[in-house]
Amino acid sequence: MKNLVLALIISGFSANAYAASCCGGGFAFPALIMGDDKAQVTSSLSYGQITDDVLPNKKWIKRDDANQSQTFKIEAATLLSDRVQTGASIPVVHRKVADENSTGLGDIALNLGHETFQELTYSRWKPRGITFLQLTLPTSPSIYDAENMLAADSRGRGFFTLGGGLALIKVFGTWDANSSVEIHKSFARDFSTSSSGGEITATPNLGHSWTVGGGWNKGNWRLGTSFTGLYEDAIEISGAQTSSGSAQQNITWAVMANYMMSMENAVTLSYADQTLFGTPENSSLSKTVTLSFQTRWQR
């Protein structure tokens, strides 16, 4: 019973964290093996729409430009040893803003994890914990080098980002709880486009995010929910254009349903909404539906 519940949690854990918008900011949760498996592959298809912009002064503006995105993502992780693992996430993104659209690779992420807190014997309260490092690569255009007038070709953040954190899960009978926290640093880059009038340097700084969630398990089903908070320091612009930027923050609420087809295969349907909770600043807020399928290979 516990193995089934743990498998259900794992199938939905990656649905707990979301970027602030398609291209604005965020630190996607890494592809981690959280259970007693040696490898896993997750494929997902999501549809999102930016419905609101929140300015740095916290003023809300309703979007009416059909700013939409569809993302197909492959995430894979495998053990390197009994406690060390590695993984990668590769997204392909289609964006549409009004009459402009683009399709291509998103930002690729590579990660390394370590089962720092093992659950070798029964404990009523002690969770299983994975510490991790993640490197995000700017493998897609960002708003700083977009060529489309409405930046429909911006499919990533545009920065090398290195982060680290801790993810925890715990089963309490038919109930479960999960949480994660991470901090990341993005590094300055130079950009040059016709729209910027020359070369600019974009200098980001630190950011962090947290997630708390839980679920109820019945047979092969799990129903869960989570909250994810995101904060990004201001991005300073210098060169042909200058700007001191503004910090970004928002909270994503998500609800999900997981179904175990077998001990190795699971399907998850989730809905995420950034417009309902918290006090967002300098953010493009989206609503997203995601369908994912996960296959695991047990040890």
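In case you missed it, the structure is sitting above this.
Notes on the structure follow. (Residues numbered from 1 in each chain as written. Predicted model: local features only at pLDDT ≥ 70, side-chain atom pairs only at ≥ 80, totals over all residues. Heavy atoms only, no water.)

Overview of the packing of aromatic side chains
In plain terms, the rule: In this scheme Phe, Tyr and Trp rings, the latter by its six-membered ring, pair at centre separations within 6.5 Å, and the angle between planes marks the pair as stacked below 30 degrees, edge-to-face above 60, and tilted otherwise. Helix and strand definitions here come from DSSP, where helices need a minimum of 4 consecutive H or I residues and strands a minimum of 2 consecutive E residues; each element is numbered from the N-terminal end. For every residue, the accessible area obtained with a 1.4 Å probe (protein chains only) is divided by the maximum for its type, and the residue is called buried under 20%, exposed over 50%, and partly exposed between those limits.
Tallied over the entire structure, the rule returns eight aromatic pairs. Judged by centre distance (5.6 Å) and plane angle (55°), the rings of Tyr144 and Phe159 are tilted. With Tyr144 in the loop between strand S6 (128–137) and strand S7 (161–172) and Phe159 in the loop between S6 and S7, this residue pair connects regions lying 15 residues apart in the sequence. Both rings, one in Trp221 and one in Tyr259, keep their centres 4.8 Å apart while their planes meet at 45°; by these two values the pair is tilted. With Trp221 in strand S12 (residues 221–232) and Tyr259 in strand S14 (residues 248–260), this residue pair connects regions lying 38 residues apart in the sequence. The class for Trp221 is partly exposed, based on a relative accessible area of 48%. Feature note: the residues Phe227, Trp253, Tyr271 and Phe277 constitute an aromatic cluster, connected by ring pairs.

Considering the side chain of Thr211
Definition in use: Under the rule applied, a polar contact is a pair of N or O atoms within 3.5 Å (in protein, one hydrogen donor and one hydrogen acceptor; residues adjacent in sequence only if both atoms are side-chain atoms).
Mapped onto the elements, Thr211 comes out in strand S11 (residues 206–218). Of the polar contacts made by the side chain of Thr211, one reaches the side chain of Thr228; its length is 3.0 Å.

Quick notes on the pairing of strand S10 (residues 198–203)
Inclusion rule: Here a strand pair is declared whenever DSSP counts at least two bridges between the two strands.
For strand S9 (residues 189–193) and S10, the ladder comprises five bridges, and the chain directions are antiparallel. For Ser192, the partnering residue across the bridge sits in S10 and is Glu199. In the sheet, S10 pairs with strand S13 (residues 236–239) via four bridges, with the strands oriented antiparallel. Pairing of Thr201 across the sheet is with Ser238, part of S13.

Some words on a nonpolar patch on the surface
Here is the rule we go by: Residues enter patches when their relative accessible area tops 30% and they take part in no salt bridge; the joining distance is 9 Å for like charges and 5 Å for the nonpolar side chains Val, Leu, Ile, Met, Phe, Trp and Tyr. The method behind every accessible area is Shrake-Rupley, applied with a 1.4 Å probe, and residues are considered shielded solely by the protein chains displayed. Here a salt bridge means any side-chain nitrogen of Lys or Arg lying within 4 Å of a carboxyl oxygen belonging to Asp or Glu.
On the surface, a cluster of nonpolar side chains totalling about 640 Å² of accessible area is made up of Val41, Leu45, Phe72, Ile74, Ile90, Val92, Leu105 and Trp297. Those elements that place two or more of their residues in the nonpolar patch are strand S1 (37–54), strand S2 (60–79) and strand S3 (84–97). One can find Val92 in strand S3. You can call Val92 partly exposed: its relative accessible area is 37%.

What about the sheet that holds S10?
Note the cut-off: Think of each axis as a best-fit line through the C-alpha atoms, taken over the contacting stretch in the case of a helix, with angles from 0 to 180 degrees between the N-to-C directions.
If you trace the three strands from one edge of the open sheet to the other, you get S9-S10-S13, paired in antiparallel fashion. What marks the edges here is a single partner per strand, and that holds for S9 and S13. Taken over all neighbouring pairs, the strand axes of this sheet differ in orientation by 30° on average, direction set aside.

Structural notes on the environment of Phe172
The cut-off we apply is this: Contacts are assigned to residue pairs with any non-hydrogen atoms lying within 4.5 Å of each other.
With respect to the helices, strands and loops of the structure, Phe172 is situated in strand S7. Phe172 gets classed as partly exposed once you look at its relative accessible area, which sits at 33%. C-alpha separation for the pair Phe172 and Arg124, spaced 48 residues apart in sequence, amounts to 7.6 Å. Setting aside chain neighbours within four positions, we find Phe172 in contact with Arg124, Trp125 and Ala177.

A few points about the pairing of strand S5 (residues 108–117)
Bridge analysis of S3 against S5 gives six bridges, and the strand direction is antiparallel. Its bridge partner being in S5, Ser89 is matched across the sheet by Ala109. By the bridge criterion, eight bridges tie S5 to S6 in an arrangement that is antiparallel. What sits directly across from Leu112, in S6, is Leu133.

What about the pattern of salt bridges?
Across all of its chains, the model carries twelve salt bridges by this definition. Measuring nitrogen to oxygen at the nearest pair gives 3.8 Å for the salt bridge that ties Lys58 to Glu281. One end of the pair, Lys58, is in the loop between S1 and S2; the other, Glu281, is in the loop between strand S15 (265–273) and strand S16 (283–298), with 223 residues separating them in the sequence. Across the pair Arg63 and Asp65 runs a salt bridge whose closest N-O atoms are separated by 2.8 Å. Look at Arg63 and you get partly exposed, because its relative accessible area is 21%. Because the salt bridges share partners, they merge into one network encompassing Asp36, Asp82, Glu115, Arg128 and Arg299.

Describing the side chain of Ser142
As for its position among the elements, Ser142 is in the loop between S6 and S7. For Ser142, the residues in contact, after removing those within four places along its chain, are Ser154, Gly156, Arg157, Gly158 and Phe191.

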